[in-house]
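# What the coordinates show
Okay, here's what each chain looks like letter by letter:
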Amino acid sequence: MTNIKIDDKIREYGRSHRVPISLDDTLEFLIQTIKDNACTEILEIGTAIGYSAIAMAENVADAHIDSIEIDLERYNIACNNVSISKLDDHITLHNMDALEYLKGCQKKYDFIYLDGPKGQYIHYLPYLIDILKTGGIIFADNLYFHGMVTGAIPVSKGCRAMIKGLHKYIDAITTDPNLDTKIYDIGDGVGVSRKIK
Ligand SMILES: C[S@@+](CC[C@H](N)C(=O)[O-])C[C@H]1O[C@@H](n2cnc3c(N)ncnc32)[C@H](O)[C@@H]1O
């Protein structure tokens, strides 16, 4: 990657162990969007092994990231990676279901990186809008889901419910009067929604 600092070791571990981590161009766009909008209070849904959380903390001055991961093994690896990177003051990891976190959340964020279970985005949306400051951004990854959402490739049987959920999410973010949304042809499709009221 050209202009951002990333941890090559974590990236290689993710790729070789088939852990789904952000694509290079998505990560660059993510960090540029956070910087352009001077966001510092960040929520990430879907930590995996901490790769994108660490990249955000390394590249955005004064950022604090709450990141949610349901899988205990990945959470433990992420804790270790954050600790090795000496970013414990900037990243707080939560081992729990994202919906439970959202239901109990009392904090307000200026940026949300939505990278958890794709079929759940639509169910998270009302909570995300609620905890987002006015002017804040929801950055949602994988809106194309390898072409299954755009129709470029057929929807496989096991993915039907998820793809339906993604269509509903795209429909919601592009029609909600509280949001100003653009969908970018970057990586696997990224939706950037700003809360305007
Ligand atoms: C695409 S990965 C996240 C990648 C990470 N953002 C990165 O780029 O390094 C999605 C993660 O969401 C987690 N996940 C799935 N369902 C979840 C849920 N209900 N609550 C929280 N995390 C969940 C998965 O275990 C997986 O590690």
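See the structure printed just above.
Quantities reported herein were computed from a predicted structural model and do not represent experimental measurements.

## Details of the site of the ligand
- The immediate surroundings of the ligand are formed by 22 residues, with Ser22, Glu69, Arg74, Asp97 and Asp115 found nearest.
- The contact in question runs from an oxygen atom of the ligand to an N or O atom on the side chain of serine 22, over 2.5 Å.
- For the ligand, whose free accessible area comes to 610 Å², the fraction covered by protein is 88%.
- Going through the elements one at a time, α3 (51-59) and β2 (64-69) are the ones with two or more residues in the shell around the ligand.

## A word on the pattern of salt bridges
- Under the criterion given, the structure shown has eight salt bridges.
- Among the salt bridges present, the one from glutamate 12 reaches arginine 11, with a minimum N-O distance of 3.3 Å.
- Glutamate 12 gets classed as partly exposed once you look at its relative accessible area, which sits at 44%.
- Lysine 107 is paired through a salt bridge with glutamate 41; the nearest N and O atoms lie 3.7 Å apart. Taken as a pair, lysine 107 in the loop between α5 (98-104) and β4 (109-114) and glutamate 41 in strand β1 (residues 41-45) lie far apart in primary sequence, 66 residues in all.
- It is possible to trace a salt-bridge network through shared partners that takes in Arg11, Glu12, Arg15 and Asp24.

## Remarks on the sheet that holds strand β5 (residues 132-141)
- Here seven strands make up an open sheet; going across it, the order is β3-β2-β1-β4-β5-β7-β6 and the pairing mixed. Only two strands of the sheet have a single partner each, and these edge strands are β3 (91-95) and β6 (179-184). In this sheet, neighbouring strand axes are inclined to one another by 15 degrees on average, regardless of whether the strands run parallel or antiparallel.
- Pairing analysis gives five bridges linking β2 to β3, with the strands arranged parallel.

Rules of the game
- Residues numbered from 1 in each chain as written.
- Predicted model: local features only at pLDDT ≥ 70, side-chain atom pairs only at ≥ 80, totals over all residues.
- Heavy atoms only, no water.
- Near = heavy atom within 4 Å.
- Polar contact = N/O pair within 3.5 Å; in protein donor to acceptor, adjacent residues only side chain to side chain.
- Areas by Shrake-Rupley, 256 points an atom, 1.4 Å probe, with all protein chains shown as cover.
- Helix = DSSP H or I, 4+ residues; strand = E, 2+ residues; numbered from the N terminus.
- Salt bridge = Lys/Arg side-chain N within 4 Å of Asp/Glu carboxyl O.
- Buried < 20%, exposed > 50% of the residue type's maximum accessible area, 1.4 Å probe, protein only.
- Pairing = 2+ DSSP bridges.
- Axes fitted to C-alpha atoms, helices over the stretch in contact; angles between N-to-C directions.

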